[in-house]
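Close look at the chain arrangement
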Amino acid sequence: MDSELRLFPLNTVLFPGMIIPLNIFQQRYRKLIDECIRNEEPFGVILLRNGFDTDDKIEDLYSVGCTARITNSLPQQDGTILISSRGEKRFRLLELRQKEPYLIGKVDYPVDEIGELPKSLVSNLQEGYKQICSFKYMIEGGFVREIIPPENLGVLVDKIASASIGTVENEKLQSIVESFNIYNRATRVSEIITSTLEAVHHEAQIAIAMRFGGNERLN
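These remarks concern the structure in this document. Quantities reported herein were computed from a predicted structural model and do not represent experimental measurements.

In terms of regular secondary structure, the chain is built from six helices and six strands. Counting from the amino terminus, helix and strand elements in the chain follow one another as β-β-α-β-β-β-β-α-α-α-α-α. Relative to the globule expectation of 17 Å for 219 residues, the C-alpha radius of gyration of the chain, 19 Å, shows essentially globular dimensions. The dimensions of the chain, computed from C-alpha atoms along their principal axes, are 50 × 50 × 30 Å. Going through the 219 residues of the chain one by one, you find that 45% of them count as buried. Contacts in the chain between residues at least 24 apart in sequence constitute 68% of all its contacts with a sequence separation of at least 6. Taken together, the 25 basic and 31 acidic charged side chains of the chain have centroids lying 2 Å from each other.

So, about the nonpolar core. In terms of nonpolar packing, the biggest core is built from 50 residues, with Phe43 and Leu125 touching the most fellow members. Of the residues forming this core, the biggest block, seven residues, is contributed by helix H2 (residues 119–140).

Bringing helix H4 (residues 170–177) into the picture now. Here H4 has its buried residues at Leu173, Gln174, Ile176 and Val177. The buried residues of H4 all sit within an arc of 155 degrees when viewed along its axis, so they share a single face. On the buried face of H4, the contacting elements are strand E3 (43–47), strand E4 (64–75), strand E5 (81–98), helix H3 (153–163) and helix H5 (182–190).

The next subject is the environment of Ser3. Tracing the backbone through its elements, the reader meets Ser3 in strand E1 (residues 3–10). For Ser3 and Ser162, which are 159 residues apart along the polypeptide, the C-alpha to C-alpha distance reads 26 Å. Beyond its immediate chain neighbours, meaning those up to four positions away, Ser3 contacts Gly105, Lys106, Val107 and Tyr109.

What counts and what doesn't
- Residues numbered from 1 in each chain as written.
- Predicted model: local features only at pLDDT ≥ 70, side-chain atom pairs only at ≥ 80, totals over all residues.
- Heavy atoms only, no water.
- Helix = DSSP H or I, 4+ residues; strand = E, 2+ residues; numbered from the N terminus.
- Rg over C-alpha atoms; globule rule 2.2 N^0.38 Å.
- Buried < 20%, exposed > 50% of the residue type's maximum accessible area, 1.4 Å probe, protein only.
- Contact = heavy atoms within 4.5 Å.
- Lys, Arg positive; Asp, Glu negative; His and termini not counted.
- Charge placed at Lys NZ, Arg CZ, Asp CG, Glu CD.
- Core = buried A, V, L, I, M, F, W, Y, C linked by side-chain atoms within 4.5 Å.
- Arc of directions from axis to C-beta.

Fair warning: the whole summary comes from geometry, so function is off the table for now.
See below:
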């Protein structure tokens, strides 16, 4: 069923379940956030095709994004707003309905095509998830004895993809978020696990070295 959604174009990809902090400083997006908070409604995060600028044309945006639910907001003295939001569900942008003061799109919410995944692929995803989480705990200075991957394969795939933000280029991440076929999405995520593991492993090494000896431990 089609519906309308306030849009927040960004130079990043958002996945369901992912936490995204934002510093809202433009007037039109402060208005967007105020209205979302007042009406208890989500907004749509959608990737810009060319950097940080948009002429408010549908051609400037990718066709699939993810809704974000505001979980916390903190107005600042300079008029900006710090917010934290959680990704909820994928949407497909059909057309732009409004351009002022911010973008509103006509969207729909396609349902995932769920099929049988090869056991080897599932095993690879589960093991990759456990390793990524283990390194994340090291970075944060924590420890957990047992890491249990999500049973829902869609959730598992999205969590691994979320951990790849900042490591994998946006175009590859966009190809994952815009797939409504679990098998295709899982296959694409399996292709980026190695680079993601290398990145979080390196971060963990730096974090541990800084806690137990400072910069000289890195030399």
